[in-house]
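Each chain is listed here by its residues.
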Amino acid sequence: MLFSRRPLILALLSAVAAPAALAAYPDKPVEWVVPYPAGGGSDVVARTLAEAMGKSLGQTFVVNNKPGAATNIGADYVAKAKADGQTILSADTATLAANPWLYTKLSYKAEQDLAPVGLIARFPMLLVVNPSVPAKTYKEFLAWAARQDGGINYASPGAGSPHHLATELLREQAKLKLTHIPYRGAAPAVQDVIGGQVPFMFVDTAAGYPHIISGKLRAIAVASPARIKTFAEVPTFAEQGLAGFEAYAWQGLTVPAGTPAPVIATLNKALQEALNSTAVKARFQVLGLEALGGSPEQMRAYWKQELAKWGQVIKAANIKLD
């Protein structure tokens with residue numbers, strides 16, 4: 001009789017042990033990969049959330065900057081990491097919506113090798129210039145651009161970045177003659193615009209905030225439907241005559257494909273709690289960010305939508321990076 005009960009006892013023990021094992025996640029520091037250098041918008045957001053999520057889960061989230069190759073270095077690293085939730089990635093417009101169109105050969109496939117955890121935030125884009133540029137409005141910017149024989153150089157955090165694509169969209173709509181100067185991240189690009197080596201760029205609100213507030217950069221227009229509270233004095237493109245021009249950098253949290261669903265659910269719950277916390281809300285508001293959040297399924301749907309949108313822009317501009 002005792003022997004006949006053994007399978008039932010083992011099953012009950014397994015049912016008890018499974019939640020206990022799951023509850024241990026994460027049982028060691030989590031590596032949060034940011035595919036840009038320290039100091040840029042993605043880095044600021046990741047560090048803000050890493051602190052909040054670490055407190056929620058009782059474990060350290062260590063930000064590891066792996067810049068280069070239009071986010072492909074960091075994305076490839078995470079795509080090939082062990083699928084246990086110990087390595088996570090800030091994946092943005094470039095990684096998920098642009099690079100599949102820009103590169104014919106990638107060492108990973110985002111849709112197959114990365115799994116969504118949840119959307120993080122949307123970063124409205126601002127057209128900014130070095131203060132030496134004699135333009136304070138979009139109309140004045142166009143007039144100045146028309147006077148520049150040979151066209152104008154512009155900076156971006158890297159080829160294929162949302163900032164690069166936003167400028168290409170502007171070039172197409174405004175018929176500007178531009179030359180792209182790609183950098184390895186937002187921070188060095190911004191520094192060269194401040195230094196006058198390059199006259200203008202599109203910058204996301206997080207990376208641009210301290211330099212616009214200090215007057216080191218002049219914001220000409222914001223590429224969102226309405227003005228941003230943090231930069232309330234900066235008019236939209238639509239207000240200045242360029243109707244329908246909208247461009248955002250956005251990012252979400254991803255993990256290697258095959259990561260167990262309970263682990264993804266744990267990360268998603270911690271992410272939602274962080275995004276809804278008073279401290280993170282206050283930080284995002286200062287930086288002009290729109291928190292997104294939502295389920296992995298909602299992130300997958302948004303990802304698919306953005307992939308189609310930027311594919312059209314890239315094809316129209318005939319941009320290829322390999």
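As the structure is a prediction and not an experimental result, all values here were calculated from the model.

Engineer: Sorry if this is basic, but what is going on with the overall build of the protein here?
Structural biologist: From N to C terminus, the protein includes 12 helices and 10 strands. In terms of its C-alpha atoms, the protein occupies a principal-axis envelope of roughly 95 × 40 × 30 Å. In the protein, of all internal contacts separated by at least 6 residues, the share reaching a separation of at least 24 is 78%. When the accessible surface of the protein is summed, it comes to about 14200 Å², and 57% of that surface belongs to carbon and sulfur atoms.

Engineer: What is the right way to read the environment of Thr-230 from this model?
Structural biologist: Within the fold, Thr-230 resides in the loop between strand S8 (218-222) and strand S9 (248-256). Here Thr-230 falls in the partly exposed class, since its relative accessible area comes to 22%. Between the C-alpha atoms of Thr-230 and Asn-65, which are 165 residues apart in sequence, the distance is 27 Å. Apart from the residues lying within four places of it in its own chain, the contact partners of Thr-230 are Tyr-209, Gln-285, Val-286 and Gly-288.

Engineer: Looking at this structure, how should I read helix H4 (residues 93-102)?
Structural biologist: For an α-helix the count is 3.6 residues per turn, leaving residues at separations of three or four pointing the same way. The element H4 is extensively covered by neighbouring structure, given that eight of its 10 residues are classed as buried. Taken together, the buried positions of H4 are Thr-93, Ala-94, Thr-95, Leu-96, Ala-97, Ala-98, Asn-99 and Leu-102. The distance from a side-chain oxygen at the start of H4 to the backbone nitrogen of Ala-94 is 3.0 Å, and the residue carrying that oxygen is Asp-92.

Engineer: How should I be thinking about the nonpolar core in this particular structure?
Structural biologist: As a rule of thumb, nonpolar side chains are buried together in soluble globular proteins. The biggest cluster of nonpolar side chains holds 86 residues, and the ones touching the most others in it are Trp-32, Leu-49, Met-53, Phe-141, Phe-202, Phe-237 and Leu-267. With 10 residues, the single largest contributor to this core is strand S4 (residues 114-129). Ignoring anything within four residues of it in the chain, the contact list for Phe-141 reads Leu-127, Val-129, Ala-135, Leu-176, Phe-200 and Ile-220. Counting 19 residues, the second largest nonpolar core, distinct from the first, contains Met-201, Val-203, Ala-219 and Val-234.

Engineer: What am I meant to see in the side chain of Asn-99 here?
Structural biologist: If you trace the backbone, Asn-99 turns up in helix H4. Accessibility expressed as a relative area gives 0% for Asn-99, which makes it buried. Setting aside chain neighbours within four positions, we find Asn-99 in contact with Ala-70, Thr-71, Asn-72, Ala-94, Leu-106 and Tyr-108.

Engineer: Please clarify how the packing of helix H7 (residues 162-174) against helix H12 (residues 296-317) should be interpreted in this entry.
Structural biologist: Each pair of packed helices can be summarised by the angle the axes make with each other and by the distance between the axes. Orientation of H7 relative to H12, taken along the N-to-C sense of each, is 60°, at an axis distance of 10 Å. By the angle class used here, H7 and H12 are oblique. As for the relative orientation of H7 and H12, their crossing is left-handed in sense. Together, Leu-165, Glu-168, Leu-169 and Arg-171 of H7 and Trp-310, Val-313, Ile-314 and Ala-317 of H12 make up the contact between the two elements. Class assignment for the residues of the contact of H7 with H12 results in six nonpolar, no polar and two charged.

Engineer: Help me understand the pattern of salt bridges in this model?
Structural biologist: One side chain can pair with another of opposite charge once the charged atoms of both are near each other. Considering all chains together, one arrives at nine salt bridges under this definition. A salt bridge links Arg-171 to Glu-172; the shortest N-O distance between them is 3.9 Å. When its relative accessible area of 37% is taken as the criterion, Glu-172 is described as partly exposed. One salt bridge connects Glu-273 with Lys-269, and the closest N-O pair in it is separated by 2.7 Å. Of this pair, Glu-273 and Lys-269 both sit in helix H10 (residues 261-275), separated by four residues, roughly a single helical turn. The class for Lys-269 is exposed, based on a relative accessible area of 52%. By sharing partners, the salt bridges in this structure join Glu-168, Arg-171, Glu-172 and Lys-175 into a single network.

Engineer: Mind showing me how you'd approach the packing of helix H2 (residues 41-57) against helix H11 (residues 278-287) here?
Structural biologist: Taken N-terminus to C-terminus, the directions of H2 and H11 make an angle of 170°; their axes are 10 Å apart at the nearest point. Between H2 and H11, the crossing angle belongs to the class labelled roughly antiparallel. Contact residues: Val-44, Val-45, Thr-48, Leu-49 and Ala-52 in H2; Val-280, Arg-283, Phe-284 and Leu-287 in H11. Taken together, the residues that form the contact of H2 with H11 break down as seven nonpolar, one polar and one charged.

Engineer: What should I look at first to understand helix H9 (residues 205-214) in this one?
Structural biologist: All of the buried residues along H9 are Thr-205, Ala-206, Ala-207, Gly-208, His-211 and Ile-212. In this structure, the buried side of H9 is in contact with H2, S4, helix H8 (186-195), strand S7 (200-204), S8 and H11. Two to three positions downstream of the cap, the backbone nitrogen of Ala-206 sits 3.2 Å from a side-chain oxygen, assigning the N-cap of H9 to Asp-204. Gly-215 occupies a position one or two residues after H9 and carries a positive phi of about 90°.

Calculation rules
Residues numbered from 1 in each chain as written. Predicted model: local features only at pLDDT ≥ 70, side-chain atom pairs only at ≥ 80, totals over all residues. Heavy atoms only, no water. Helix = DSSP H or I, 4+ residues; strand = E, 2+ residues; numbered from the N terminus. Contact = heavy atoms within 4.5 Å. Areas by Shrake-Rupley, 256 points an atom, 1.4 Å probe, with all protein chains shown as cover. Buried < 20%, exposed > 50% of the residue type's maximum accessible area, 1.4 Å probe, protein only. Polar contact = N/O pair within 3.5 Å; in protein donor to acceptor, adjacent residues only side chain to side chain. Core = buried A, V, L, I, M, F, W, Y, C linked by side-chain atoms within 4.5 Å. Axes fitted to C-alpha atoms, helices over the stretch in contact; angles between N-to-C directions. Parallel < 35°, antiparallel > 145°, perpendicular 65-115°, else oblique. Left-handed = near helix turned anticlockwise from the far one by under 90°. Nonpolar A, V, L, I, M, F, W, Y, C, P; charged D, E, K, R; others polar. Salt bridge = Lys/Arg side-chain N within 4 Å of Asp/Glu carboxyl O.

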